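Report on the structure
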Amino acid sequence: MAGPIPDLEDRATRCAQRLCEADRVLLASHIDADGLTSAAIASSALERAGIPFETVFEKQLDEAAVADIAATDYDTVLFTDFGSGQLDVIGDREDAGDFTPVIADHHQPADRETEYHLNPLLFGINGASELSGAGASYVLARALATVADNRTARSVATDGGTTAAARADNRDLAALAVVGAVGDMQASGGELHGANAKIVEEGVDAGVIETGKDLALYGKQTRPLPKLLEYATDVHIPGISNDQQGALRFLDGLDLELKRDGEWRRWSGLTNDEKQTVASALVKRAVSSGVPAKKIDQLVSTAYVLPEEPVGTELRDASEFSTLLNATARYERADVGLGVCLGDRTDALERARKLLREHRRNLSEGIDLVTREGVTHADNLQWFHAGDRIRETIVGIVAGMAMGNAGISRSKPIIAFAEKNDDEVKVSARGTHNLVRKGLDLSAVMGDASRVVGGDGGGHDVAAGATVPTGEEEAFVERADEILGEQLS
Ligand code: C5P
Ligand code: C5P
Ligand code: C5P
Ligand code: ZN
């Protein structure tokens with residue numbers, strides 16, 4: 001539960017002290033929702049501490065990316081949401097005296113240590129479900145505020161009230177940490193746990209997060225009600241989920257004014273009474289169609305709301321916010337997502353929304369493709385090869401979202417291949433928390449199986465990835481299947 005985490009915080013203090021000794025810092029982060037929020041948290045904290053910095057994003061922190069970073073004339077590099085898994089590569093550089101790495105990450109560390117390494121896994125905290133990269137960056141930001149006594153935030157914090165106090169100690173950054181954790185799908189059983197829950201508490205105290213039980217559907221802020229229900233497939237409700245006409249009939253059958261000026265309203269705009277009416281009818285329908293009680297419980301979960309953002313926007317809901325960020329960073333526009341995180345509500349937000357429409361289309365086309373063409377089943381896994389038909393940066397998201405569709409099992413991990421370039425193939429693997437409880441560790445599978453065929457990989461127990469040489473896909477699947485057999489026996 002949410003007590004202080006002394007060892008982790010001590011390590012954060014050491015990292016913060018090192019950053020304060022630097023004349024300037026290069027901040028390097030990962031290109032997804034968690035990586036962007038990590039970068040936003042770290043850059044706000046550096047700025048408030050009065051430490052000059054520059055930000056770069058990398059798709060993968062491979063040898064080439066580390067070499068590029070080493071070639072800059074920065075003596076101190078802060079890695080967020082990656083770095084731990086590449087400590088071997090970074091370490092070799094360190095020996096050459098190129099730069100001092102400071103790392104705030106939550107991925108499985110490589111077999112090598114470094115002095116300024118902040119990672120929940122080093123302190124018995126689960127990096128896939130209890131603290132994300134943004135969470136680790138937040139812990140660092142909190143320490144930095146204390147160590148630097150927030151040199152510039154003091155002058156910023158003139159607007160009085162909670163927000164000023166929260167800015168001075170960086171607690172206002174908890175909102176972004178929650179978006180990062182939700183974006184990495186760290187919520188399980190309907191809510192965030194462990195160190196994440198502690199960050200939520202700080203965010204609530206600071207007035208930047210609100211929590212409450214709500215309908216567990218994606219799109220409560222922005223989707224018109226029929227779409228909200230039709231697209232919600234985590235809990236399948238016969239005659240509503242994946243059923244456009246059915247969802248419309250269901251809503252028409254309620255004694256409520258759910259249209260305004262001819263347009264369907266959104267969940268976020270309903271009154272509490274109206275929400276109650278829709279939710280009860282939904283549960284009633286689920287019960288009468290024979291949906292198991294355990295599944296029905298999953299219709300309600302904890303919602304994480306950013307109360308300072310306008311009602312009806314993606315930014316108000318942690319889950320929708322994180323998807324908006326993925327829509328930028330996974331399409332080589334991390335700058336746009338970072339801008340949104342840092343408060344740009346004009347150009348960056350407009351651009352991000354355009355990218356989101358494209359991202360949505362790509363996800364839905366990708367899911368359709370995989371569902372239509374099906375997967376190949378091995379003993380302990382299922383796999384598909386998307387070639388160049390799904391972008392390698394989103395093939396993992398597609399694989400995870402396709403699980404549970406017709407012919408795609410949720411009782412075996414799924415492995416997805418997509419072309420990266422002429423010589424290399426990207427591999428993404430996704431499992432379920434249920435499989436993890438039975439021994440699944442996809443990080444080990446991706447790491448070991450890729451190295452056998454001359455590639456490299458890593459990640460988390462429940463979601464991991466790798467890069468392998470083109471042509472080695474079958475050999476990779478064979479080895480992964482063997483390892484999975486051992487893990488799940
Ligand atoms: O690199 P990073 O840790 O930020 O990425 C984690 C990835 O794993 C995200 O794309 C997230 O959606 C995915 N994930 C998942 N299922 C989980 C946990 C994480 O698909 N249960
Ligand atoms: O893998 P990543 O964290 O990017 O996934 C975001 C999650 O948001 C998806 O797994 C899915 O559950 C949800 N989502 C959705 N509809 C969309 C986009 C995302 O349900 N259009
Ligand atoms: O790219 P994808 O979304 O499939 O990545 C899933 C997880 O595996 C992420 O946490 C990512 O950082 C990690 N990964 C890795 N090494 C790779 C590819 C992915 O650690 N070569
Ligand atoms: Zn992450």
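These remarks concern the structure in this document.

How each quantity is defined
Residues numbered from 1 in each chain as written. Chains lettered and ligands numbered in written order. Predicted model: local features only at pLDDT ≥ 70, side-chain atom pairs only at ≥ 80, totals over all residues. Heavy atoms only, no water. Pairing = 2+ DSSP bridges. Helix = DSSP H or I, 4+ residues; strand = E, 2+ residues; numbered from the N terminus. Contact = heavy atoms within 4.5 Å. Axes fitted to C-alpha atoms, helices over the stretch in contact; angles between N-to-C directions. Phe/Tyr/Trp six-rings, centres within 6.5 Å; stacked < 30°, edge-to-face > 60°. Buried < 20%, exposed > 50% of the residue type's maximum accessible area, 1.4 Å probe, protein only. Lys NZ or Arg CZ within 6 Å of the ring centre and 35° of its normal. 1 Å grid on protein atoms, 1.4 Å probe; cavity = no way out; pocket = protein on both sides within 12 Å on 5 of 7 lines; lining within 4 Å. Points joined across faces, edges and corners; volume = space filled by probe spheres on them. Nonpolar A, V, L, I, M, F, W, Y, C, P; charged D, E, K, R; others polar. Polar contact = N/O pair within 3.5 Å; in protein donor to acceptor, adjacent residues only side chain to side chain.

1. Some remarks on the sheet that holds strand β14 (residues 456-459)
Strand order in the open sheet made by the six strands is β10-β11-β12-β13-β15-β14, with mixed pairing throughout. A single partner strand is all that each edge strand has here, and the edge strands are β10 (376-377) and β14. Sheet topology places β14 next to strand β15 (residues 463-469); four bridges connect them, and they run antiparallel. When the sheet's bridge partners are listed, Asp456 is paired in β15 with Thr467. Where helix α19 (residues 442-452) meets the sheet, it contacts β12 (414-419), β13 (424-430), β14 and β15, and its direction lies at approximately 175 degrees from that of β14.

2. Brief notes about the sheet that holds strand β1 (residues 25-30)
Taken in spatial order, the five strands of this open sheet run β2-β1-β3-β4-β5, and their pairing is parallel. Where the open sheet ends on each side, the last strands, each with one partner, are β2 (53-58) and β5 (116-118). Ignoring strand direction, the axes of neighbouring strands in this sheet form an average angle of 20 degrees. Judged from the six bridges that link them, β1 and β2 form a sheet pairing that is parallel. For Val25, the partnering residue across the bridge sits in β2 and is Phe53. Here helix α1 (residues 6-21) sits on the sheet in contact with β1, β3 (76-80), β4 (100-104) and β5, set at roughly 140 degrees to β5.

3. Some thoughts on the packing of aromatic side chains
One pair of aromatic rings is described through two measures. These are the centre distance and the angle between the planes. A full pass over the atoms with the stated rule returns four aromatic pairs. A ring pair is formed by Trp383 and Phe417, whose centres lie 5.9 Å apart and whose planes are at 85 degrees; its orientation type is edge-to-face. Taken together, the residues span a long stretch of sequence, with Trp383 in strand β11 (residues 382-385) and Phe417 in strand β12 at a distance of 34 residues. Pair check on accessibility: Trp383 and Phe417 agree, each one buried. One aromatic cluster is present, formed by Phe79, Phe82 and Phe99 through successive ring pairs. Positioned above the aromatic ring of Tyr74, the side-chain terminus of Arg24 is 4.1 Å from the ring centre.

4. What to know about empty space enclosed by the protein
One pass over the full model with this rule turns up one cavity of 30 Å³ or more. Put simply, the largest cavity is a space of about 50 Å³. Forming the walls of the largest cavity are Leu217, Leu229, Ala232, Val235, Ile237, Ile240, Ser241, Leu282 and Leu299. When the residues that make up the lining of the largest cavity are grouped by side-chain class, the tally is eight nonpolar, one polar and no charged.

5. Regarding the side chain of Thr323
Structurally, Thr323 is set in helix α14 (residues 318-329). Separated by 2.8 Å, the side chains of Thr323 and Tyr218 make a polar contact.

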